[in-house]
Each structure stands twice: as C-alpha cells, then as structure tokens.
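# Structure at a glance
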Amino acid sequence: MKDKKRKNTNKGYMTLEASLIVPMVLCAIFMILFCLIFVYERGVVLSSENEALYTIPVKSIRDDSVTSYLSGRNYEEGITYGSCDVNVDYVSHKAKCEGMIHLYGDSGISSKREIDVCVDRLRRWQLYDDIAEK
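Now for a quick tour of the structure.

Thresholds applied
- Residues numbered from 1 in each chain as written.
- Predicted model: local features only at pLDDT ≥ 70, side-chain atom pairs only at ≥ 80, totals over all residues.
- Heavy atoms only, no water.
- Buried < 20%, exposed > 50% of the residue type's maximum accessible area, 1.4 Å probe, protein only.
- Helix = DSSP H or I, 4+ residues; strand = E, 2+ residues; numbered from the N terminus.
- Pairing = 2+ DSSP bridges.
- Contact = heavy atoms within 4.5 Å.
- Axes fitted to C-alpha atoms, helices over the stretch in contact; angles between N-to-C directions.

## So, the pairing of strand S1 (residues 83-91)
Side chains Cys84, Val86, Val88 and Tyr90 project from S1 onto a buried face, and the interleaved Ser83, Asp85, Asn87, Asp89 and Val91 project onto a face without burial. Of the pairings in the sheet, the one linking S1 to strand S2 (residues 94-102) comprises nine bridges and is antiparallel in character. Each bridged residue has a counterpart across the sheet, and for Ser83 the counterpart in S2 is His102.

## Thoughts on the side chain of Ser60
Structurally, Ser60 can be placed in helix H3 (residues 58-62). By relative accessible area, Ser60 is classed as buried at 11%. Look past the residues within four positions of Ser60 in its chain and what remains in contact with it is Ser65, Val66 and Tyr69.

## Let's talk about unusual backbone geometry
For Ser92, which is not a glycine, the phi torsion comes out positive at approximately 45°. Inspection of the secondary structure assignment puts Ser92 in the loop between S1 and S2. Exposure remark for Ser92: the relative accessible area of 56% places this residue in the exposed category. Residues other than glycine seldom take positive phi values, yet His93 does so here, at roughly 65°. Counting through the fold element by element, His93 comes out in the loop between S1 and S2.

## What about the sheet that holds S2?
One open sheet accounts for three strands, arranged S1-S2-S3; its pairing is antiparallel. Each having just a single partner strand, S1 and strand S3 (106-114) make up the two edges of the open sheet. Strand-to-strand twist across the sheet, computed as the mean angle between neighbouring axes with direction ignored, equals 15°. Direction of pairing for S2 relative to S3: antiparallel, over a ladder of nine bridges. What sits directly across from Ala95, in S3, is Arg113.

What follows is the structure, encoded as structure tokens:
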C-alpha cells in the first residue's frame with residue numbers, strides 16, 4: 001500500500017513542467033529568433049544605405065543627379081522576411097536615406113552624409129590662415 005502512494009505523488013511535477021515551463025521556454029526561443037531576424041534585416045538595410053551613400057559617383061555629384069542615383073538603388077537585396085521602403089533626399093551637399101522596415105510592425109533607419117563639403121572647409125581654413133599671417 002505504501003508503494004502505491006509513492007507512485008501517485010511523483011506524477012505531479014511532470015504535469016507542471018509540461019504545462020507551464022516547456023511553453024515558456026518555447027516562447028522565449030521563438031522571441032529570440034524573431035529578434036535576431038529583425039536585427040539582421042535592420043543591419044542589411046543600414047549597410048545598403050551606407051553603401052549607397054559612400055559610393056556615389058563623382059559624375060552624379062557634378063551633374064547634381066545624386067537623388068536619381070540614390071533612388072535607383074535596390075535596398076532590399078538581403079531582406080528575406082519583411083519589406084522596406086527607402087526615401088532619399090539631397091539638399092545642399094547633404095545626402096540622406098531614410099528607410100522603413102515592415103516586419104510585424106514598422107521600424108525606421110536613417111543614414112546621412114555630407115558630400116564635398118570637407119574640401120571647401122579646408123580651403124576656407126587655408127584662406128583664413130593666410131589672412132591671419134598678414
């Protein structure tokens with residue numbers, strides 16, 4: 001009779017584990033996988049934006065056709081699960097890409113770059129230096 005009581009008392013922990021702990025662990029694993037996919041796709045779009053901003057041809061800058069060059073790029077090359085929209089802007093030597101990832105919600109990504117302004121600033125400082133010596 002004592003053996004039957006022992007067998008009945010040991011069945012409760014498996015029910016608790018199967019009904020509470022296992023679903024919580026599975027949900028945590030799926031959330032981690034979702035977060036990794038989201039971070040990957042965000043990184044793909046950010047790297048595509050930066051690559052486009054830093055590989056603008058000199059001819060496009062001289063012809064003032066930077067906006068058409070940036071809008072002609074494909075920013076969805078590595079995205080597999082979601083989609084993205086990228087808006088580009090180029091005003092007074094400042095290029096900007098603003099992306100939006102659509103994957104179970106929206107998330108924004110932005111990259112900026114000043115184009116050919118550093119050279120002009122260096123020339124001004126050289127000019128100021130020449131004036132200061134006189």
